[in-house]
Number of protein chains: 2
Amino acid sequence: MVELTKRQAIEDVASELFREHGYAGTSIRDIARALSVQGPSLYAHVTSKEDVLWAIVDRAATRFEVAADAAEASADARRPRDPSEALAALVRAHVDVLTSDVDAAGVFVHEWRALDRDHRAQILARRDAYEARFRRRLEDGIAVGVFAMTDSAVATSTLLSAVNGVAGWYDPDGRLPATRIADHLAELSLRMVSNA
Amino acid sequence: MVELTKRQAIEDVASELFREHGYAGTSIRDIARALSVQGPSLYAHVTSKEDVLWAIVDRAATRFEVAADAAEASADARRPRDPSEALAALVRAHVDVLTSDVDAAGVFVHEWRALDRDHRAQILARRDAYEARFRRRLEDGIAVGVFAMTDSAVATSTLLSAVNGVAGWYDPDGRLPATRIADHLAELSLRMVSNA
DNA sequence: TGCGTAGCCTAACGATCGTTAGTTAGGTGG
DNA sequence: CCACCTAACTAACGATCGTTAGGCTACGCA
């Protein structure tokens, strides 16, 4: 076991199981079994099953937000007012986070519905804010003339669906290294919205 | 009740619930309650819960396949050996099927993991064959020089993730009619893979 | 009028769910 | 050596799961 704390080990194995079988399709005892422990033993480290889901989703969301902060800051410093550069940086950052922990990212993308009302509302608001970053860059590009699309809202959703799709097939031991995939997705994303 | 048979009514309401809460997160009694009926009453029309999921997924898969058949035949008849035309037709057909029954399509896209071994293997094989149609058109386009991309496998997966994303936000009563969305997705898809 | 039968009902089965309570074993510091 | 604490354990709770069995009711047709 490479984890520092038992709590972290629980979240890691829960991420894997939640991603494979879904939150509702995974029992506390399933998680415990993967850790060679009896079900009720987990409650020494965890207050509820939903608490585990929330920890995973919250952490993943934060990692996406922090990576996007860094990407935008660096892109704006390197080439100010260049929407292509900014969008490419956002996409690469997103794919980096995604590939660095596919399980947690997959849970973040697909299992937020299972959160309770408050947590779900909270995560939806953050997801909206995150999407708005991408849309803003698209609209900057339209204003400058480097991007063109029929509807920026549809394009934003489609772009994020495209990049999130990586969580569905990325394999850490696969043919393509993560950086190559990030570059590729940035290329596809840019072409998708670029003017002519 | 607009459905012809009770069985169809069950599948319709099950599609909605499976899409919203997932297969594992939906009980037989949940489905029955939505039909104002007691849980066990459903077993007069259904042999198991998995049987309902399989009916929904199988039917959705068939609708995608049939629509793709028609789209490719018509595109090849109208403009033979035009990969752009063929790809656009495939994308439009896909989005048409998706928007004509978002619930069933959403279940097909996300809940196939919950199928039992045989059904899951069956659906994965058909999904691979379906994806291969898109990839073939991409590679045709590369050969002719109208398309260009680093990796056709990655581009195919990304393209299908992008169009499947529509299932996540499409609203029949929303701002955009389905045909407009299909056109838009075709536009974005074509630009994503087109050569310069 | 009588008979099938279609479609629902209630009762109940064993299994499993998330979770609580109380207990035990093993290691650490005085 | 003993007190303590950590982290696991077993037992059990009420609820709910998918599913089976058997009965009641209302309608179609002779």
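Here, the structure is the one placed above.
What comes next is a walk through the structure. Per chain, residues are indexed from 1 in the order of the written sequence. All chains are assigned letters beginning with A, and all ligands numbers beginning with 1, in the order in which they are written. Since the coordinates come from a predicted model, pLDDT governs what is reported: local features require at least 70, and pairs of side-chain atoms require 80 or more to be given and counted, while whole-chain, interface and lining totals use all residues. Note that water and hydrogens are dropped before the side-chain values are worked out from all heavy atoms of the structure.

### Side note on the overall build of chain A
Where helices and strands are cited, they refer to DSSP runs of H or I of at least four residues and of E of at least two residues respectively, numbered from the N terminus. Within chain A one finds nine helices and zero strands. Ordering the α and β elements of chain A from the N terminus gives α-α-α-α-α-α-α-α-α. Referenced to the eigenvectors of the C-alpha coordinate spread, the extents of chain A come out at roughly 60 × 40 × 30 Å. For chain A, the proportion of its 196 residues judged to be buried stands at 53%. A sequence separation of at least 24 residues applies to 70% of the contacts in chain A between residues at least 6 apart. When the accessible surface of chain A is totalled, it reaches about 9,300 Å², and 50% of it is carbon and sulfur. Taken as two groups, the 24 positive and 30 negative side-chain charges of chain A have centres that lie 1 Å from each other. Classification of residues uses two cut-offs on accessible area relative to the type maximum, computed with a 1.4 Å probe and protein chains only: under 20% is buried, over 50% is exposed, and between them is partly exposed. Contacts are residue-level and defined by heavy atoms, with any inter-residue pair within 4.5 Å sufficient. Areas reported as accessible are Shrake-Rupley estimates using a 1.4 Å probe. Residue values count occlusion only from the protein chains shown. A residue counts as positive if it is Lys or Arg and as negative if it is Asp or Glu; His and the chain ends are not included. By convention, the point assigned to a charge is CZ for Arg, NZ for Lys, CD for Glu and CG for Asp.

### Quick notes on the protein's contact with DNA strand C
The local shell around DNA strand C holds 15 residues, among which Tyr43 and Lys49 of chain A together with Gln38, Ser41 and His45 of chain B are the closest. The rule for a residue being near a molecule or strand is that one of its heavy atoms must lie within 4 Å of it. The sugar and phosphate moieties of DNA strand C supply 54% of its atoms located within 4 Å of the protein. Contact between DNA strand C and Ile28 of chain A: a phosphate oxygen at 2.9 Å from a main-chain N or O atom of the residue. Between DNA strand C and Arg29 of chain A, the relevant distance is 2.9 Å, taken from a base nitrogen to a side-chain nitrogen or oxygen of the residue. Basically, the charged four are Asp, Glu, Lys and Arg, the nonpolar ten are Ala, Val, Leu, Ile, Met, Phe, Trp, Tyr, Cys and Pro, and anything else, Gly included, counts as polar. Classifying every residue of the surface near DNA strand C by side-chain character gives five nonpolar, six polar and four charged. Polar contacts here mean pairs of N or O atoms no more than 3.5 Å apart (in protein, one a potential hydrogen donor and the other a potential acceptor; neighbouring residues in sequence count only if both atoms are side-chain atoms).

### Examining the protein's contact with DNA strand D
Neighbouring DNA strand D are 15 residues; Gln38, Ser41 and His45 of chain A together with Tyr43 and Lys49 of chain B lie closest to it. Counting only the atoms of DNA strand D that lie within 4 Å of the protein, the sugar and phosphate share comes to 55%. In the model, a phosphate oxygen of DNA strand D is placed 2.9 Å from a nitrogen or oxygen of the Ile28 of chain B main chain. The contact in question runs from a phosphate oxygen of DNA strand D to an N or O atom on the side chain of Lys49 of chain B, over 2.8 Å. Here the surface near DNA strand D is composed, by residue class, of five nonpolar, six polar and four charged.

### Details of the relation of the copies chain B and chain A
Mapping chain B onto chain A leaves a residual RMSD of 0.0 Å; the transformation is a rotation of 180 degrees accompanied by 0.0 Å of translation along its axis. The superposition operator between the copies reduces to a two-fold rotation axis. In this assembly, 100% of the residues forming the interface of chain B have copies in chain A that are likewise at the interface, indicating an isologous arrangement. In superposing the copies, a least-squares fit is computed on C-alpha atoms, taking residues whose pLDDT is at least 70 in both.

### Looking at helix α5 (residues 102-110) of chain B
Within α5 of chain B, seven of the nine residues are buried, which leaves the element mostly enclosed by the surrounding structure. Buried within α5 of chain B are the following residues: Val102, Ala104, Ala105, Gly106, Val107, Phe108 and Val109 of chain B.

### Details of the environment of Arg29 of chain B
All names here are of chain B. Locating Arg29 in the fold gives a position in helix α2 (residues 28-34). Given a relative accessible area of 58%, Arg29 falls into the exposed group. Along the primary structure Arg29 and Asn164 are separated by 135 residues, whereas in three dimensions their C-alpha atoms are 30 Å apart.

### Things to note about the interface of chain B and chain A
Listed by partner, the interface residues are 30 residues for chain B and 30 residues for chain A. The buried area of a pairing is the accessible area, by a 1.4 Å probe, that goes missing from both parts when the two are put together, added over both. Together, the buried faces of chain B and chain A total about 2,500 Å²; carbon and sulfur atoms form 57% of this surface. Salt bridges are defined as contacts in which a side-chain nitrogen from Lys or Arg sits within 4 Å of a carboxyl oxygen from Asp or Glu. Across the contact surface, chain B and chain A share two salt bridges. Note that Asp151 of chain A is salt-bridged to Arg175 of chain B, the shortest N-O span being 2.6 Å.

### Re the packing of helix α3 (residues 49-78) of chain B against α5 of chain B
Residues and elements named next belong to chain B. Here α3 crosses α5 at 100 degrees, and the two axes come no closer than 9 Å. By the angle class used here, α3 and α5 are roughly perpendicular. Judged by residue contacts, Leu53, Ile56, Val57, Ala60, Ala61 and Phe64 of α3 engage Ala104, Ala105, Val107 and Phe108 from α5. Considered class by class, the residues forming the contact of α3 with α5 number 10 nonpolar, no polar and no charged. Only C-alpha atoms enter the line fits that serve as axes; for helices the fit covers just the stretch in contact. Angles between N-to-C directions range over 0 to 180 degrees. Roughly parallel here means an angle under 35 degrees, roughly antiparallel means over 145, roughly perpendicular means 65 to 115, and every remaining angle is called oblique.

### Here's the deal with the packing of aromatic side chains
Two rings belonging to Phe, Tyr or Trp (six-membered ring only in the last case) form a pair when the distance between their centres is within 6.5 Å. Interplanar angles under 30 degrees mark stacking, angles over 60 mark edge-to-face geometry, and anything in between is tilted. The full count for this structure, using the stated rule, is eight aromatic pairs over all chains. Centroid distance Phe18 of chain A to Tyr23 of chain A: 5.2 Å. Interplanar angle 70 degrees. Geometry classified as edge-to-face. Residue classification places Tyr23 of chain A among the buried positions, given a relative accessible area of 12%. Between Tyr130 of chain B and Phe134 of chain B, the ring centres sit 5.4 Å apart and the planes meet at 55 degrees, which makes this aromatic pair tilted. Residue Tyr130 of chain B and its partner Phe134 of chain B are both found in helix α6 (residues 117-144); the two are separated by four residues, about one turn of the helix. According to the relative accessible area criterion, Phe134 of chain B is buried, its value standing at 1%. Following the ring pairs from residue to residue traces out a cluster consisting of Phe64, Phe108, Tyr130 and Phe134 of chain A. Here, over-ring charges are defined by two tests on the NZ atom of lysine or the CZ atom of arginine: distance to the ring centre within 6 Å, and angle to the ring normal within 35 degrees. Against the face of Trp112 of chain A rests Arg127 of chain A, its NZ or CZ located 5.2 Å from the ring centre. Taking the ring centre of Tyr23 of chain B as reference, the NZ or CZ of Lys49 of chain B above it sits at 4.2 Å.

### Quick look at the pattern of salt bridges
Residue and element names in this part refer to chain A. All chains considered together, the criterion is met by 36 salt bridges over all chains. Asp51 serves as the salt-bridge partner of Arg7, at 3.2 Å between the closest nitrogen and oxygen. Taken together, the positions of Arg7 in helix α1 (residues 6-21) and Asp51 in helix α3 (residues 49-78) put the pair 44 residues apart, joining distant regions of the chain. Note that Arg59 and Glu11 form a salt bridge whose closest N and O atoms lie 3.8 Å from each other. In this pair, Arg59 sits in helix α3 while Glu11 sits in helix α1, placing the two residues 48 residues apart along the sequence. For Arg59, a relative accessible area of 39% translates into the label partly exposed. What makes Glu11 buried here is its relative accessible area of 8%. Through salt bridges with shared partners, a single ionic network connects Asp69, Glu72, Asp76, Arg133 and Arg137.

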